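Chain by chain, the residues:
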Amino acid sequence: MDWKVWHEKYDDPASPMTRRLRIVQGLVRDALDRSPPGQLRVISLCAGQGRDVLEVLADHPRRKDVQVRLVELDEGNCELAEAAAQASGLSQVEVVAADASRSENYDGMTPADLVLICGLFGNISDADIERVVATCPQFCRTGGRVIWTRNRRAPDRVGRICVWFEGRGFERERLSDESLEFGVGMHRFAGTPEPLALGRRLFSFIGYDRLPDEADPS
């Protein structure tokens, strides 16, 4: 998969990916607006080009409060994310060209105020989705939020993902309408943060085109 080419779908204002991006960006803005005063931490798993965060921070009034770590394996996407951050004067954005499945790549950034898991759940197995959700108490501070996405093509896993989050001390705050071809959710962590377990593999990236019964990325 050429992920750089794949991201070009975001340049089409009529594409489902662009509509999903706008919903995610709205939730990012809402989460930042409702976060407590002071410094904030944001981490993004499989961050791609970081558009969901960077385009919001570019003009957000709290941009100077937010420290960001984007973890992305594709070097081309990392270069584009770094260029976008520099163009917007976001010197506090760290782009890490590394395997997002490795827990050590989030060391020093947990517990975070906002965790983005966008574009991942449609590319990994159900067991790995549940494993990532189970790890989120290690990622989030009390009151921190997770924004996540998953396509709604059969088998629709959006409801199950909500159950997994809510079984781990998260409260549902937002969920996109069922009529859309994708699910976008935001859950707030009401529990006590757990220490980040280093040296763990959280998932194996299979790819949406290789998952059983999958046809689209999420």
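Residues numbered from 1 in each chain as written. Predicted model: local features only at pLDDT ≥ 70, side-chain atom pairs only at ≥ 80, totals over all residues. Heavy atoms only, no water.

Thoughts on the overall build of the chain
Consideration 1: From N to C terminus, the chain includes six helices and seven strands.
Consideration 2: Reading the chain from its N terminus to its C terminus gives the helix and strand order α-α-β-α-β-α-β-β-α-β-α-β-β.
Consideration 3: Since a compact globule built from 218 residues should have a radius of gyration of about 17 Å, the 16 Å found for the chain is in line with a globular shape.
Consideration 4: Judged by the C-alpha coordinates and their principal axes, the chain covers about 45 × 40 × 35 Å.
Consideration 5: Across the 218 residues in the chain, those meeting the buried criterion constitute 55%.
Consideration 6: A sequence separation of at least 24 residues applies to 80% of the contacts in the chain between residues at least 6 apart.
Consideration 7: For the chain, the exposed surface amounts to about 9600 Å²; the carbon and sulfur share of it is 47%.
Consideration 8: Placing the 29 positive and 35 negative side-chain charges of the chain at their respective mean positions leaves the two points 4 Å apart. (Helix = DSSP H or I, 4+ residues; strand = E, 2+ residues; numbered from the N terminus. Rg over C-alpha atoms; globule rule 2.2 N^0.38 Å. Buried < 20%, exposed > 50% of the residue type's maximum accessible area, 1.4 Å probe, protein only. Contact = heavy atoms within 4.5 Å. Areas by Shrake-Rupley, 256 points an atom, 1.4 Å probe, with all protein chains shown as cover. Lys, Arg positive; Asp, Glu negative; His and termini not counted. Charge placed at Lys NZ, Arg CZ, Asp CG, Glu CD.)

Side note on the pattern of salt bridges
Between side chains of opposite charge, a pair can form as their charged atoms come close.
Consideration 1: Counted under the stated rule, the structure contains 18 salt bridges.
Consideration 2: Of the charged contacts in the structure, one is a salt bridge between E104 and R102, with a shortest N-O distance of 3.1 Å.
Consideration 3: A residue is classified by how much of its surface remains accessible, and E104, at 32% relative accessible area, is partly exposed.
Consideration 4: A relative accessible area of 21% means that R102 is categorised as partly exposed. (Salt bridge = Lys/Arg side-chain N within 4 Å of Asp/Glu carboxyl O.)

Comments concerning the packing of helix α5 (residues 126-139) against helix α6 (residues 158-166)
Two quantities define a packed helix pair, namely the angle between the helix axes and the distance between the axes.
Consideration 1: At their nearest, the axes of α5 and α6 sit 9 Å apart, and the two run at 35 degrees to each other. Note on packing geometry: the crossing formed by α5 with α6 is right-handed. Along the contact surface, α5 presents D126, I129, E130, V133 and C136, while α6 presents R160, I161, W164 and F165.
Consideration 2: For the contact of α5 with α6, the residue count by class is six nonpolar, no polar and three charged. (Axes fitted to C-alpha atoms, helices over the stretch in contact; angles between N-to-C directions. Left-handed = near helix turned anticlockwise from the far one by under 90°. Nonpolar A, V, L, I, M, F, W, Y, C, P; charged D, E, K, R; others polar.)

Quick notes on the sheet that holds strand β4 (residues 112-117)
Consideration 1: Spatial ordering of the open sheet is given by β3-β2-β1-β4-β5-β7-β6, a layout of seven strands whose pairing is mixed. Looking at which strands have only one partner, the edges of the open sheet turn out to be β3 (93-97) and β6 (170-175). Strand-to-strand twist in this sheet, taken as the mean axis angle between neighbours without regard to direction, amounts to 15 degrees.
Consideration 2: Judged from the six bridges that link them, strand β1 (residues 40-45) and strand β2 (residues 66-72) form a sheet pairing that is parallel. Bridging across to β2, V42 finds its partner in V68.
Consideration 3: Together, β5 (140-151), β6 and β7 (182-189) form the strand contacts of α6, whose direction differs from that of β5 by roughly 165 degrees. (Pairing = 2+ DSSP bridges.)

With respect to the confidence of the model for the chain
Consideration 1: On average, residues of the chain score 93 in pLDDT, and 92% of them reach the 70 mark or higher.
Consideration 2: Overall, residues 214-218 carries pLDDT values under 50, and its contacts beyond four positions in sequence, including any with other chains, amount to 20 contacts. (pLDDT = per-residue confidence, 0-100.)

What about the environment of L198?
Consideration 1: Secondary-structure assignment places L198 in the segment after β7.
Consideration 2: On a C-alpha basis, the gap between L198 and E104 in space is 4.9 Å, while along the polypeptide they are 94 residues apart.
Consideration 3: In this view, L198 contacts S103, E104 and D107; residues no more than four positions away in its chain are not counted.

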